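# Structural overview
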Amino acid sequence: MFNYIDECLSSPCSHQCLNTEGSFYCTCPDGFYLSVNNTCTEHSLASVPKMESVKQPLPAAILATPWTPSTSCRYNGTLQQDGSTWTVSSCVECTCQLGSVSCTTCPSLPCTKMELVPGLCCPVCKSCLYNGSIHAHNSSWISPSQPCLTCSCQEGEVLCQLVVCKTSCSHQVLEEGQCCGTCNQCLYEGRIVDHEDVFSPSSDNCTLCACIFGNVKCITPECPPVECEKPVLLDCCPTCPAECIDQGIVYSHGVEFTRPGIDCINCACLNGQVECYYRPCPMLECAREEWFLEPNQCCFTCRQDKTVKGCFIDDNGIEFPVGQIWSPGDPCEVCVCQADSSVVCKRTECLETCAHPIRVPGQCCPDCSAGCAYGGIIYQNNETFPSSADSCLTCICLSGSAACSPEECKVHCTYPFHSEGECCPLCMDCNYEGRKVINGQTFQPEHRPCHYCICQLGEVSCEVRKCEPPSCDHPQSVPGDCCPACSVCLYDSQILEDGGYYISATDPCIVCLCTEGKVECEWKGDSCAELQCEQSLHHVPGICCPVCPDGCLDENGMVFNHGQSVPRENPCIKCQCLKGTVLCESQKEQCPPLLCDLTQQETPDGQCCPVCVDSHWCVHQDQVHEAQTQWLHGCELCCCNNGIVECATKPCSVPVSCPPQSVLSLLDGECCMTCVPIKPRSTSCTVFGDSHYVTFDGLFYDFTGTCAYLLAKDCESNRFNVVYHSKMNGKSSKSGAKTLTVQSENRTIELSAGNLIQMNNAKVELTYSASNISIHHSGLYFTLKLPGGLSITWDGNNFVELNAHQSLQSRMCGLCGNFNGNKSDDFVLADGEVVLTPTEFGNGWLVKEENISLCTAKTTEDLCNRTRLHDHHSTNNTCNIIMGSLFQPAHDSIDPQPYYRACLSDACTCVEQTRCLCSILSAYAFRALRLGIILNWRNEILCGVTCGGGSCFSECSCPRTCATYLQSDIQCSMRSCVPGCQCPEGLFMHQSNCLPPSLCPLELLYSQSKTSSKFLMTQ
C-alpha cells in the first residue's frame, strides 16, 4: 500500500508544475524555455530560428521517464551538493541551495575615504586620531583639556568648535570641568553666594546686595545733602550732628557733662542722644568688706573705722555690707548699701535703636547687634526669612531690624488673575478689562457686540462674528447688536421697530411708518375734526390738530390759564379765568370795620380797604386786637400793624425724611406736614438678581436653586399658586431662561422671557382682561392681577414682585414666607418644620418634576471667598453707588446693606457686569417706589433707558395707551405705577409711539367702547 504524494506542493517550478505518479515536471508559457534550474527563460528572437509547426509523436522514452531537476551546483568546475557551504577567501563564503550559488559581499559605505582594519574583512570609513585616542567616523566628543571645545570626526578629519553657552545671568558660577556656568548661585568678588542671600560688598558696608538667579542686584542708600562743616556718619549717611536737651539744658554734639546733683555719672551728647555712664573710680588696696562710701561721694574709700555696718533688706535678716552692689531681681535696677545703712537703687535707661532687638535673659537692654527677634523666632544678621504677617513678603534681618519686600512674580500669560491667598497672579482664570473670567468660559466684551472671546489659561482669544446678508434693502444697525437688522428703522436719529409709528418733531401732523427697514411718511392734517369754539383755535406744540383754548384772552391780548388770576387796575376788583371766561367780583364788601373816624382813615396805594392812620387797634374776624400784637388764625400768623392786619402762613419745620412705614402727610386740623405711620393695604415679596429673595415679612436671603420651586400659594383656600422656574431644565419652551407658572381658577398662565405669555398653552395678546384676571404691559414690566388679592409684576428676566393684599395675611406659604408680620419664622416648610438655612428652606419647596434627583441644591462654596474681590477697585466703586447720594432719600426706609452685599456677590460670578448691576439697583428703586419714594437715579451712563416715538422715561409711569383711552376707571398711584416710557399729557401710546386720540386705530377705540358700554350696563 503506497501513499500518494503531490510533489508540486514544494513549489519546485518557477511557473507551472504538473504532478505525476512518483515524480513531477515543469512547463513554461509560449515564448519561454525551461532552464536547468527549473526556471523559465525567454527566447531570444535573434538566436531562435523560425520553425514551422511540425506535428510528430514524442519519443516513447520521454513520455515514459519523468524529468528530475538538478539540485546540485557547479562553481569554478567543482560540483557542490545542495545545502553545502565553502570558503572562497578569508572574507568570501558561498552556499549552494537548490542549484543556485550565493556568496557574501561587503556593504556600501556612506563615505569616500575608507580604510582596512586588521581583523575585519570589509573596509570601514576612515577614523580620526585625536590626543592619542581613535574616534570613529561621525562621532563627537568634548576635549578633555578644553571643556569649551566640541570636536567631531569626518572621514579622518577632526573638526572642533567652541561651545555657545545659553546662560543669561551676570554672575554665573563655573564649576570645575564645565564649560558653561549655572545661575543657581552668584560669583561675586571671588566668593560664591547662594540664591536669595543678602550681603554687602567688601568695600562698602552701606550697600546691600542680593543674589537672584545668578544676578547681583545692589541698593545704595540715597543720602540727602548736608550743610554743616563737620557731619557725622549715621546709618550710612553723613548727617549734621543734632543737639541734646537734657533736663532743660541744651548741649552741643560731643560735649560731656554731669547732671546737677548727680556727680557720679558722666554724660555725653552724641548726635542728639544722651549717653551716660558711671564715673571711673580708682582701685582700692583694702579688702572688699572695708570699702566705705562717704555721703555725696561717687567712689568708695578704705574704711578708717573698722566697725562694719550693713544693710538689712528683707524680713529674713539678710544683711549686705556697706558698699555692696547688687540687683534686686530686675537687671535694669542696681542697688548700693550706703554707710548709713540705707539702700540707694537706680535704674538703667535703655535707648532702643532697632525695631526687632534680641532680649538676652539677665541683660537689661536689648541687643541690636546679635540679630532680630521677629515673630517669636531669632534670626541672624543678613538672614532671610518669610514674613509672619504676609506670606507674600520676604524679609531680611539688618542690625536688629527686619526689612520686608514683596516676592518677585514671573507671569507667562497676558491676562493672569490674582486670586486671594496667592502671592502672584496665576495663568488659570483671566482678568479681562477689570473683570474675572473663569478658565474655559466664553463671553462677549462690553461695547463690542460682534466679538466672542474665550479664556484659556490666562490668555484671551476673540473671534469676530460674521453677519449674514440682510433680507431687506434698508437694514439698520441697532446699538448693542452685532449685525444690521431689518426689524428696525433709523429715522431722525431715532430707532423705530418694524411696524412702529413716529411723529415728526418739526411737524406733528407728519406720521411715519417703519416697514422692513424703510420709513414711509404721511401727512395727517386732513383728518382733524372740525371744532366749534367761542374763540380762535389754539395750536398746542407737539399736537397735530388744534384744540379749543382752556384759558382766557383779555382785552390786551394776554392769555391766562384756567384758574389763573387776571389782574385789574382797580385793586378792589378781583378777576379769575374760569373755563374760558373772565369772572370778576368786588372786594369792597370784605373790608373790615374800622374803629377810627373817617378823618383818620386812609387807603394805601395798591390796596382796596382803608386803614386807620396811627391807630392802636385792629379788627379781624369781629375780634379787636391791640397794635403790635400777634395771634394765630387757622394756619396763618397775623399781626396788627398801624391798624392794618397782616397775615402770613405759619412757618413749618418739615422733616427731611420719615422713618420706615411712615409718610409725610398733613393731618386734619394741623397746619404743618408731619410723618404719619401708614398701615399698608398690601405687602410685597421680591426675587431679583441671580439668587436674591425678600419675603413678605422683609427677610432677605440667597438661594441658588436650579429647578422649579413654589414661590407663593394661598395655603388655606388654594385659590392660586405661583411656581418660579429658577433655571429651566427642559420643561419650558425656552431652555436656560427663568419663567413663572401661575395657576388660578382652572387656568395655567406661563410668563417667559422674550415677552411670551401663554394661557393654557395658547399665546395671549395684550391687553388681556377676562374672568377677574387681567394682564397688561406697562413701562418695563408686565403686571398680572389675580382674584383673591394677588398681583404679580415681572420684567421678563431677573425681577419678580408678588403683591399680596392684607386679607391674605397668615394664609401664605412658599419661598415668600408665611406673611404673618414676623420674619423670624419665615423658614417654615409645608409640614410645619422649621429649618435653619436658606438651602434647606428652598429644597423644602421644590416642585416635583422629572429628574428631581438632579434638582436638590447644596450649600456651595462662596465664589467671593476664592477671589480677591476687594482688590478690584472698580467693582467696589460700582457697588458703592447704592450707598451714595442717588439712593440717599430711601436709606432711612430701606436698608441698603443687603442690596450692597448682593451687588458684591453677583460681581463674583456675573459676566455681564452692567446688566447685573442694573438689576440690583432697579430692585432697590422699585421697593422704594412702593413706599412712596421716587428715586430719579438713571442717566445716560448708568442703566439709561431710551424712549422713542415722542415718549420720555419716568420712574413712576402708568399705562396711557390707545387701548385704554376710553377707560376712565384707571387710577395711577405710586403703589401701582412702574418705571417705563410715558407719553405727554393728551397723547396715548400705540406701538411705541405717542399719538393723539384722532390717530388711534379705530378698531381699538371700537373695542373699548363696547367694553365700556358693557361695563356701564353691568353697573
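Everything below is about the structure printed above this text.
Residues numbered from 1 in each chain as written. Predicted model: local features only at pLDDT ≥ 70, side-chain atom pairs only at ≥ 80, totals over all residues. Heavy atoms only, no water.

### Here we look at the environment of Cys153
For the record, the criterion: By definition, any uninterrupted DSSP run of H or I lasting at least four residues is a helix, any uninterrupted run of E lasting at least two residues is a strand, and each is numbered from the N terminus. Note on definitions: a residue-residue contact is assigned when non-hydrogen atoms from the two residues lie within 4.5 Å.
Here Cys153 lies in strand E15 (residues 149-154). A C-alpha to C-alpha distance of 5.2 Å links Cys153 and His137, two positions 16 residues apart in sequence. Those residues in contact with Cys153, other than ones at most four positions away along the chain, are Lys126, Ser127, Cys128, His135, Ala136, His137, Asn138, Ser139 and Trp141.

### Here we look at the packing of aromatic side chains
Going by this rule: Only the six-membered ring of Trp is used, alongside the rings of Phe and Tyr, when aromatic pairs are assigned; centres must lie within 6.5 Å, and planes under 30 degrees apart are stacked while those over 60 apart are edge-to-face, with the rest tilted. The cut-offs for exposure are 20% and 50% of the maximum accessible area for each residue type, with area from a 1.4 Å probe on protein chains only; residues under the lower value are buried, those over the upper are exposed, and the others partly exposed.
Counting across every chain of the model gives 22 aromatic pairs. Measuring from centroid to centroid gives 4.9 Å for Phe799 and Phe926, while their planes differ by 55°, and the two rings are tilted. With Phe799 in the loop between strand E78 (790-794) and strand E79 (800-805) and Phe926 in helix H5 (residues 913-930), this pair connects stretches of sequence that are 127 residues apart. The exposure classification of Phe799 matches that of Phe926, with both residues buried. With 5.6 Å between their ring centres and 40° between their planes, Phe887 and Trp937 make a pair best called tilted. Of the two residues, Phe887 is situated in the loop between helix H3 (873-879) and helix H4 (897-909) and Trp937 in the loop between H5 and strand E81 (952-957); the sequence distance between them amounts to 50 residues. For the pair Phe887 and Trp937, a shared accessibility class is recorded, and that class is buried.

### Concerning unusual backbone geometry
The backbone of Asn138 sits at a positive phi, close to 70°, despite the residue not being glycine. Here Asn138 shows up in the loop between strand E13 (133-135) and strand E14 (140-142). For Asn138, a relative accessible area of 55% gives the class exposed. Of note, Asn746 is a non-glycine position whose phi angle comes to about 60°, a positive value. The exposed category is assigned to Asn746, whose relative accessible area is 81%.

### A short note on the sheet that holds strand E33 (residues 325-326)
Stated precisely, the cut-off is as follows: If DSSP finds at least two bridges between two strands, the strands pair.
In spatial order, the strands read E33-E34-E35; together these three strands make up an open sheet with antiparallel pairing. Since the sheet does not close on itself, it has two edges, and those belong to E33 and strand E35 (343-347), each with one partner. Both E33 and strand E34 (residues 333-337) contribute to a ladder of two bridges, which runs antiparallel. Each residue of the ladder has a partner; that of Ile325, found in E34, is Val336.

### A few points about the state of the cysteines
Using the following cut-off: A pair of cysteine sulfur atoms is labelled a disulfide when the two atoms are within 2.5 Å.
A complete count under the given rule lists 43 disulfides for this structure. With a sulfur-sulfur separation of 2.0 Å, Cys281 is cross-linked through a disulfide to Cys299. Looking down the S-S bond of the Cys281 and Cys299 bridge, the torsion is -80°, so its handedness is left-handed. A residue pair is termed long-range when its members are at least 10 positions apart, and Cys281 in the loop between strand E28 (273-278) and strand E29 (291-292) and Cys299 in the loop between E29 and strand E30 (301-302) qualify at 18 residues. Using a relative accessible area of 18% as the deciding quantity, one classes Cys299 as buried. The residue that forms a disulfide with Cys638 is Cys647, at a sulfur-sulfur distance of 2.0 Å.

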